[in-house]
Amino acid sequence: GKAAVNCSTIPVAERFFTSSTSLTLKHAAWYPCETLEPHIVLLTSDNTIRIYSLKVPQTPIKVIALSDAEEETLIINKGRAYTASLGETAVAFDFGPLVPVPVSILGQRGSEEVLAFPLYILYENGETFLTYINLLQSAGNLGKLLGPLPMHPAAEDNYGYDACAVLCLPCIPNILVIATESGVLYHCVVLDAEEDEEQSEKSWDPRSDLVPCLYVFECVELELALKLASGDEEEPLESDFSCPIKLHRDPKCPTRYHCTHEAGVHSVGLTWISKLQKFLDSDEEDKDGLQELRAEQKCFVEHILCTKPLPCRQSAPVRGFWIVSDVLGPTMICITNTYECITRPLLTAVHPASPSLLCTKEDKDDATSPLRVLAESQHSFEKHIQNLNYCREEKKSLREMAERLADKYEEAKEKQEDIMNR
């Protein structure tokens, strides 16, 4: 490649951060709509989400306040907000795929269907809030903050108090991945709330209209560092190493995602999503079946890049990460804290689903393909393979016979030349 590459940059919210020196940027992501001009979404430490257009990068086109202004004016030790000390500040967010907004949330019955992107907002105390965003519409209660979303089964510690990242996988139903700094991942299925749960929520929280719930399907603990044994027969020593975790979608496989942190890169594959979708489509009301599926199906976790092999070693955090296509398959590109670029083939046990065969009968008007003819014939596929193998063996036998005949011809030609020379 080139020794130097020139790039153009666009400062976003430069005047805002210059005039508000106490604020810090918590999270930034692109607005997912591809038909609009590029928009960037910023979450700042004042518990506010601002959306900027790159055409007008200094003025937000939409502002979403995640807490009351009176709460943020309460300052305690070291200038930290009172809500921040309780973990009631947002630390990350992620968009889900475009969906119709429920009429109960929109507040306009009988109106046309409104499409919007669900925005899941994670708080440090583990709570998750929800709002629907569509920059082209502002109908009804679109943009209203909903939550916190109830989590089932309930846990006394609310599934941790050190939440740091959230990721929404593009599946139906949506799968939320919640990560904590201690290396724990929660895979949550977003399900519609039952009627009794909705009524109970509305009775004590006016903001909780008809919110979905999060069903914690499984919990995964990442091994951020190797466990060392202090003796020959002693148990491995537990490491209390913790660090923030960043979650990344896999552009090639929707059921797989990746975690980057100071100990390297983990790859996680959810092999149970297809069976979960079949279970939900069957309209079974037996919750024990979901519990059995949860007990049988486990995800795959692979430590594909280790930058902290031992707890005593200094960490080398991964600063940049992406997956690109290559001739030999998906390739992982990482940028370390020393700005070194590392490329590795992504040899993972979880792969994207294969495309459907041409012999599927989805459209009868399509041109007839050999596979379709084979599928409709009276002979089985195994018989066809046997015929191919037989033809391959016959071809090999004919080639060997032709080589022997050619050798005999050359030998007879040489003998004839000898006789003529005499």
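Residues numbered from 1 in each chain as written. Predicted model: local features only at pLDDT ≥ 70, side-chain atom pairs only at ≥ 80, totals over all residues. Heavy atoms only, no water.

(A) Highlighting the sheet that holds strand 13 (residues 213-221). As summarised here, the arrangement of the 5 strands in space is 9-13-12-11-10, forming an open sheet in which the pairing is mixed. The two strands at the open ends of the sheet, each matched to only one other strand, are strand 9 (151-152) and strand 10 (163-169). With 2 bridges joining them, strand 9 and strand 13 adopt parallel strand pairing. Within the sheet, the bridge partner assigned to His152 lies in strand 13 and is Tyr215. (Pairing = 2+ DSSP bridges. Helix = DSSP H or I, 4+ residues; strand = E, 2+ residues; numbered from the N terminus.)

(B) Region of interest: the confidence of the model for the chain. The share of residues in the chain with pLDDT of 70 or more is 72%, and the mean pLDDT across the chain is 79. Segment residues 70-80 is flagged for pLDDT under 50; beyond a separation of four residues in sequence, or across chains, it makes 16 contacts in the model. Below pLDDT 50 for its whole length, residues 197-208 participates in 17 contacts with residues either more than four positions away or in separate chains. (pLDDT = per-residue confidence, 0-100. Contact = heavy atoms within 4.5 Å.)

(C) Fine view of the side chain of Asp46. Mapped onto the elements of the fold, Asp46 is located in the loop between strand 2 (39-44) and strand 3 (48-53). Judged by relative accessible area, which is 19%, Asp46 ranks as buried. Polar contacts involving the side chain of Asp46 include one to the side chain of Thr44, which spans 2.3 Å. (Buried < 20%, exposed > 50% of the residue type's maximum accessible area, 1.4 Å probe, protein only. Polar contact = N/O pair within 3.5 Å; in protein donor to acceptor, adjacent residues only side chain to side chain.)

(D) Focus on the nonpolar core. In terms of nonpolar packing, the biggest core is built from 29 residues, with Ile175, Leu185, Leu247, Tyr257, Leu270 and Trp272 touching the most fellow members. Here this core gets 4 residues from one element, more than from any other, and that element is strand 10. (Core = buried A, V, L, I, M, F, W, Y, C linked by side-chain atoms within 4.5 Å.)

(E) Examining the sheet that holds strand 16 (residues 246-249) more closely. Strand order in the open sheet made by the 4 strands is 16-17-18-19, with antiparallel pairing throughout. Looking at the sheet topology across the chains shown, the edges are occupied by strand 16 and strand 19 (300-306). Averaged over all pairs of adjacent strands, the angle between strand axes in this sheet comes to 25°, irrespective of strand direction. Note: strand 18 (residues 264-269) against strand 19, 6 bridges, orientation antiparallel. For Gly264, the partnering residue across the bridge sits in strand 19 and is Cys306. (Axes fitted to C-alpha atoms, helices over the stretch in contact; angles between N-to-C directions.)

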